[in-house]
Amino acid sequence: MRAEHDTNGAGGPGGSSGTDGAEGTNGSAEAPASAGAPGAPAGTPAPARAVAKSRRFPAVTQDTARPEGAGRAIPGAVSTPARQWPMLSVLAATAVGLLTTAMGHPRIGCLVIGVALIGASVLRRVLPSVGMLAVRSRFTDMVTYGVLGVAITLLALVMEPRPILHLPFLETAVRFTVR
């Protein structure tokens, strides 16, 4: 609670100068025992005064907003892995791609990883709630997953030896940068 200065400078009852007179020395919001409510017996504490809620942002953040991905893709009655199926499916496909690459098939592995990211972009677009797959705004997630997926897929297609996709400007770019 913010301390308010007393207008007369005396500190008011309670002996704490610089704070509101309605607060006692222990910082409680109750008024002193002698200042009871009108018509109440002596010694009855006065009710705490209502403080109007400010529309300003607080100077110190008290809490954080829930991230967009904190929601569930399926209602809460289902087990946790099933609720996060979009994220788990993308991670499983990426793991398969990494294992395939590690087993000596880099082109196939990179294609699987690229397609997994493109699938993540599609899931983010078509599903209303994707659980932890949602990291940023829907548009930013779609663009990020899509661009990375397309880039990895194109790199897998132009990978040497024997590229599947032949792009002449890449040869020119490589010759220009290597020389």
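Residues numbered from 1 in each chain as written. Predicted model: local features only at pLDDT ≥ 70, side-chain atom pairs only at ≥ 80, totals over all residues. Heavy atoms only, no water.

Participant: I tried to follow the overall build of the chain on my own but got confused; where do I start?
Facilitator: The number of helices and strands found in the chain is five helices and zero strands. Counting every position in the chain, which comprises 179 residues, the buried fraction comes to 21%. Contacts in the chain between residues at least 24 apart in sequence constitute 42% of all its contacts with a sequence separation of at least 6. Counting every atom, the chain has about 12900 Å² of accessible surface; 66% of that belongs to carbon and sulfur. (Helix = DSSP H or I, 4+ residues; strand = E, 2+ residues; numbered from the N terminus. Buried < 20%, exposed > 50% of the residue type's maximum accessible area, 1.4 Å probe, protein only. Contact = heavy atoms within 4.5 Å. Areas by Shrake-Rupley, 256 points an atom, 1.4 Å probe, with all protein chains shown as cover.)

Participant: Looking at this model, I keep getting lost on the packing of helix α2 (residues 85-102) against helix α3 (residues 106-126). Mind explaining?
Facilitator: A pair of packed helices is captured by two measures, namely the crossing angle of their axes and the spacing between those axes. In the contact formed by α2 and α3, the axes pass within 7 Å of each other and the chain directions differ by 170°. As judged from the angle between their axes, α2 and α3 are roughly antiparallel. The element α2 and its partner α3 pack so that their crossing is left-handed. Packed against α2, whose contacting residues are W85, P86, S89, V90, A93, T94, V96, G97, L98, T100 and T101, the element α3 presents P106, I108, G109, C110, V112, I113, A116, A120 and L123 at the interface. Partitioning the contact of α2 with α3 into residue classes produces 14 nonpolar, six polar and no charged. (Axes fitted to C-alpha atoms, helices over the stretch in contact; angles between N-to-C directions. Parallel < 35°, antiparallel > 145°, perpendicular 65-115°, else oblique. Left-handed = near helix turned anticlockwise from the far one by under 90°. Nonpolar A, V, L, I, M, F, W, Y, C, P; charged D, E, K, R; others polar.)

Participant: Sorry, what's going on with α2 here?
Facilitator: Owing to its 3.6 residues per turn, the α-helix aligns residues three or four sequence positions apart on the same side. In this model α2 runs 25 Å from its N-terminal to its C-terminal C-alpha over 18 residues, within 8% of the 26 Å that 1.5 Å per residue would give. Burial in α2 covers these residues: P86, V90, G97 and T100. Across the axial projection of α2, the buried residues extend over an arc of 90°, all falling on one side. Along α2, exposed side chains directed more than 90 degrees from the buried face belong to L98, L99 and A102. G104 lies just past α2 and shows a positive phi near 105°. (Expected span 1.5 Å × (residues − 1). Arc of directions from axis to C-beta.)

Participant: Before we go on, may I ask you to explain a nonpolar patch on the surface in this structure?
Facilitator: On the surface, I118, V122, V126, V150, L154 and L165 cluster together to form a nonpolar patch covering roughly 450 Å² of accessible area. Elements supplying a minimum of two residues to the nonpolar patch: α3 and α4 (138-157). The element best represented in the nonpolar patch is α3, accounting for three residues. Along the chain, the position of V150 falls in helix α4. (Patch = residues over 30% accessible without salt bridge, like charges linked within 9 Å, V, L, I, M, F, W, Y side chains within 5 Å. Salt bridge = Lys/Arg side-chain N within 4 Å of Asp/Glu carboxyl O.)

Participant: Explanation requested: the nonpolar core in the structure shown.
Facilitator: Across soluble globular proteins, you tend to see nonpolar side chains buried next to one another. Residues V90, L117, A120, L123, V130, L133, A134 and Y145 constitute the largest nonpolar core, which totals eight residues. The element that contributes the greatest number of residues to this core is α3, accounting for three residues. If sequence neighbours within four positions are ignored, L123 has contacts with W85, P86, S89, V90, V130 and L133. (Core = buried A, V, L, I, M, F, W, Y, C linked by side-chain atoms within 4.5 Å.)

Participant: Even after reading the chapter, I still don't get unusual backbone geometry, so can you show me in this structure?
Facilitator: Trans peptide bonds make up the majority, and among non-glycine residues the majority have a negative phi. The backbone of R162 shows a phi angle near 50°, a positive value even though the residue is not glycine. Along the chain, R162 falls in the loop between α4 and α5 (168-178).

Participant: Help me understand the layout of surface pockets in this model?
Facilitator: Rolled over the atoms, a probe sized like a water molecule indicates the empty space that remains. A volume near 250 Å³ is recorded for the second largest pocket. Taken together, A151, L154, L155, V158, E160, P163, L165, H166, L167, L170, E171 and V174 make up the full set of residues lining the second largest pocket. At the level of secondary structure, the elements contributing two or more residues to the lining of the second largest pocket comprise α4 and α5. Residues that form the lining of the second largest pocket fall into these classes: nine nonpolar, one polar and two charged. (1 Å grid on protein atoms, 1.4 Å probe; cavity = no way out; pocket = protein on both sides within 12 Å on 5 of 7 lines; lining within 4 Å. Points joined across faces, edges and corners; volume = space filled by probe spheres on them.)

Participant: Any chance you could explain the pattern of salt bridges here in plain terms?
Facilitator: Side-chain pairing between opposite charges can occur once the charged atoms of the two side chains come close. With the rule as written, the count across this model stands at two salt bridges. For R124, the salt bridge identified is with D141, shortest N-O distance 2.9 Å. Residue R124 is found in helix α3, and its partner D141 is found in helix α4; the two are separated by 17 residues along the sequence. The class for R124 is buried, based on a relative accessible area of 1%. Salt-bridge contacts for D141 lead to R136; the nearest nitrogen and oxygen are separated by 3.1 Å. Of the residues examined, D141 reaches a relative accessible area of 0% and is grouped as buried. It is possible to trace a salt-bridge network through shared partners that takes in R124, R136 and D141.

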